[in-house]
Structure formats: structure tokens, C-alpha cells
Amino acid sequence: MSARAWIAVASAEHVRIGRAGGFMQVCHGKAAPLRRLRPGDRVAYYSPTGTFRGGDTLQAFTAVGVVKAGEVYQADMGGGFHPFRRDVAWNDAREAPIRPLLGALDFAAGGRNWGYQLRFGLFEVSDHDMDVIAEAMGVGMLVAA
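About the criteria used
Residues numbered from 1 in each chain as written. Predicted model: local features only at pLDDT ≥ 70, side-chain atom pairs only at ≥ 80, totals over all residues. Heavy atoms only, no water. Core = buried A, V, L, I, M, F, W, Y, C linked by side-chain atoms within 4.5 Å. Buried < 20%, exposed > 50% of the residue type's maximum accessible area, 1.4 Å probe, protein only. Helix = DSSP H or I, 4+ residues; strand = E, 2+ residues; numbered from the N terminus. Contact = heavy atoms within 4.5 Å. Salt bridge = Lys/Arg side-chain N within 4 Å of Asp/Glu carboxyl O.

**Some points on the nonpolar core**
Part 1 of the reasoning: In this structure, Ile 7, Tyr 46, Phe 61, Ile 98 and Leu 105 are the most contacted members of the largest nonpolar core, which totals 24 residues.
Part 2 of the reasoning: Only β1 (5–9), β3 (42–49), β4 (57–67), β8 (122–125) and α2 (127–136) provide two or more residues apiece to this core.
Part 3 of the reasoning: Top contributing element to this core by residue count: α2, with four residues.
Part 4 of the reasoning: When near neighbours in sequence (up to four residues on either side) are disregarded, Ile 7 contacts Ala 44, Tyr 46, Phe 61, Phe 107, Leu 118, Gly 121, Leu 122, Phe 123, Val 125 and Ile 133.

Now the structure itself:
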């Protein structure tokens, strides 16, 4: 099976924590969505806001990387919160606003309802879309560390 491409959704604040720790989590820590990913899959994070539950609109891709070998695992973040995670080799990348890319992204075809799929927290995209996003973020080729 060949590698697939995914977009995950989280605030930039939460994405920064994951990048620093070499992991990703989605959908408020649920395991099931992460089990759809396989080692070698490419993933980009889209951040609608800068902070969790913030009104600070960002609408940018904030991280891009490759899923590492290993299984989904649970972490203890304190306060009774035990989210599931997956390890990712994050590439050095710059943030890329989504609006200039909308005309080139397959998942945003038509433009008007481009944000619909983002509600799911994690969804598969075409290789073309991942290439457009990675290029916009200054990453020529996504590689695992």
C-alpha cells in the first residue's frame, strides 16, 4: 500500500506543542482517527486559529511531516486528560495561509465551501494537494527524520 496524505486540524498553539514533542493528536485526543494513518503517510496541520478556542483567526497550514513507525499510544497530560498520539517527523517549514492556495487545492474545489471537510478534524487529501501545501510551506520534499 502506498503512502497517503492527510490534513489534520488544530490550533497553532496545540500544533506547536506536538511539533516540539514529535507527535500529533487529533479530534480532542481520540484514537480512532489516528489509527487510519500508517508509517510513511504525509500529514499537514491546518490551524483555523492561533489559540485553542481563540477568536484569533489564523487560517494557515502550520506543520507538515511524515508519520513515523509505531502504533497509536496514550499520553497523560494531567487533569485526567489522556489523549492518543502518533509520532511524526516534522519538517522545518513556514506557516502558509490557506486562502492563496484555495484555487489549487482539490479538496477546496469550487471555493465556496472549502472549509467543510475541516470540521472532521482529520481527512485524506490527494498527493497533489499535499505537494501544493508542502511547497507553500517551503518544503520541497517531505522526508522522515
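From this point, the narrative continues.
**Quick notes on α2**
Part 1 of the reasoning: Among all positions in α2, only Asp 129, Met 130, Val 132, Ile 133 and Ala 134 are buried.
Part 2 of the reasoning: Residues of α2 that are buried sit in contact with β1, β3, β4 and β8.
Part 3 of the reasoning: Once α2 finishes, Gly 138 follows within two positions and takes phi at roughly 80°, a positive value.

**So, the pattern of salt bridges**
Part 1 of the reasoning: Taken as a whole and assessed by the stated rule, the structure comprises three salt bridges.
Part 2 of the reasoning: A salt bridge links Arg 42 to Asp 127; its shortest N-O distance comes to 3.3 Å. Of this pair, Arg 42 sits in strand β3 while Asp 127 is found in helix α2, placing the two residues 85 residues apart along the sequence.
Part 3 of the reasoning: Overall, Arg 42 belongs to the buried group, its relative accessible area being 16%.
Part 4 of the reasoning: Of the residues examined, Asp 127 reaches a relative accessible area of 44% and is grouped as partly exposed.
Part 5 of the reasoning: Between Asp 131 and Arg 42 there is a salt bridge whose closest N-O contact spans 2.8 Å. One end of the pair, Asp 131, is in helix α2; the other, Arg 42, is in strand β3, and 89 residues separate them in sequence.

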